[in-house]
Amino acid sequence: MGEEIVGGTLYVVPTPIGNLEDITLRALRILKEVTIIAAEDTRTTKVLLDHYNIQKPLLSFYSQNEAVRVPQIIQRLLSGESVALVSDAGTPGISDPAHSIITAAIENSIPIVPLPGPTAFVPALVASGMPTHEFIFAGFLPHKKGRRTKMERLREEERTIVLYESVHRIEKTLTELLECFGDRKVTVGRELTKKFETITRSTLYTLVHNYTFRNSKGEFVIVIDGKES
Ligand code: SAM
């Protein structure tokens, strides 16, 4: 028996990053029992809900409509509805929208129940074989402004560095990391938990000079060795 769903509570629910089996029993129960699900991409969430035979009203909540949605969701919570927040994949708030609704809930003394669950950087970090006792999760590098500054700051980091990257920039980012850091050990986790999952343990120099990801599709986590102390 799980806990009872409490009205007026915001549940933060991680969802799979590819493999639909990667969802907890508690997450499924909460998705079944809340009044409404606020979802970054309602089509993606519908696939998950259909897979588990869950019928539930969905409300879109993504970066471009956050300003409108936050007061609406807060109003619903204050009127006693229970709301589950999910993102496209993984944990809401980890390189995904959630911060605005979380801070608004805190300001309005609305209880928040955060569930543990899937997130892409943990499996990549653990499988990299690099030190995990201390690491820095740096999310996506900025596309333009501040990109070089952030790379230069990360270059001095002695802890293992974890970055997110999309298919559009993976080659460019690895090339620029090589230019900025020099050669370093790197692990790239691609399409984690999916059919074509690959985990490549190599060096920046080798990946760049072999064009390893030139025609690769998918989503990527980059794990780089920290600077030698
Ligand atoms: N909220 C998600 C989480 O908890 O990991 C992250 C969302 S962020 C918008 C998307 C990025 O996460 C992708 O560009 C990629 O860097 C990483 N990612 C998500 N799923 C992945 C997967 N299956 N394999 C590798 N990287 C993934």
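So, a few notes on the structure that sits alongside this text. Keep in mind that this is a model prediction, so the values were computed, not measured.

1. What to know about the overall build of the chain
Next, step 1: If you tally the helices and strands in the chain, you get eight helices and ten strands.
Next, step 2: A compact globule built from 229 residues would reach a C-alpha radius of gyration of about 17 Å, and the chain, at 19 Å, matches this within 12%.
Next, step 3: Projected onto its principal axes, the C-alpha positions of the chain cover 55 × 35 × 30 Å.
Next, step 4: The proportion of buried residues among the 229 residues of the chain is 47%.
Next, step 5: Carbon and sulfur atoms make up 52% of the accessible area of the chain, which totals about 12,000 Å².
Next, step 6: Distance between charge centres in the chain, computed from 27 positive and 28 negative side chains, equals 4 Å.

2. A few points about the pattern of salt bridges
Pairs can form between side chains of opposite charge once their charged atoms are near each other.
Next, step 1: In total, this model carries 15 salt bridges according to the counting rule given.
Next, step 2: Measuring nitrogen to oxygen at the nearest pair gives 2.9 Å for the salt bridge that ties Glu 3 to Arg 26. With a gap of 23 residues between them, Glu 3 in the segment before strand S1 (10–12) and Arg 26 in helix H1 (residues 25–33) connect regions that are remote in the sequence.
Next, step 3: For Glu 3, a relative accessible area of 31% puts it in the partly exposed group.
Next, step 4: On the basis of relative accessible area, Arg 26 is assigned to the partly exposed category, the value being 31%.
Next, step 5: Here Glu 176 makes a salt bridge to Lys 172, at a shortest N to O gap of 2.9 Å. Taken as a pair, Glu 176 and Lys 172 lie in helix H7 (residues 170–181) at a separation of four residues, close to a single helical turn.
Next, step 6: With a relative accessible area of 39%, Lys 172 lands in the partly exposed category.
Next, step 7: A network of salt bridges, in which partner residues are shared, links Glu 3, Arg 26, Arg 29 and Glu 33.

3. Looking at the side chain of Arg 29
Next, step 1: On the secondary structure map, Arg 29 appears in helix H1.
Next, step 2: Excluding residues within four positions of it along the chain, Arg 29 makes contact with Gly 2, Glu 3 and Ile 5.

About the thresholds
- Residue numbering note: each chain is counted from 1, following its sequence as written.
- Selection of residues for local features in this predicted model requires a pLDDT of at least 70, selection of side-chain atom pairs for listing and counting requires 80 or more, and totals for whole chains, interfaces and linings are taken over all residues.
- Only hydrogens and water are set aside when side-chain values are computed; all heavy atoms of the structure are taken into account.
- Comment: elements are numbered from the N terminus, with helices defined as DSSP H or I runs of at least four residues and strands as E runs of at least two.
- Only C-alpha atoms enter the radius of gyration, while the globule expectation follows 2.2 Å times N to the 0.38, with N the number of residues.
- With a 1.4 Å probe rolled over the protein chains alone, any residue whose accessible area is under 20% of its type maximum counts as buried; one over 50% counts as exposed, and the rest are partly exposed.
- Methods summary: accessible areas were calculated by the Shrake-Rupley approach with a probe of 1.4 Å, and residue burial reflects only the protein chains presented.
- Charge counting treats Lys and Arg as positive and Asp and Glu as negative, with His and both chain ends excluded.
- Where a charge sits is defined by one atom per residue type, namely NZ (Lys), CZ (Arg), CG (Asp) or CD (Glu).
- Think of a salt bridge as a Lys or Arg side-chain nitrogen and an Asp or Glu carboxyl oxygen that are within 4 Å of each other.
- The contact criterion used is simple: two residues touch if any of their non-hydrogen atoms lie within 4.5 Å.

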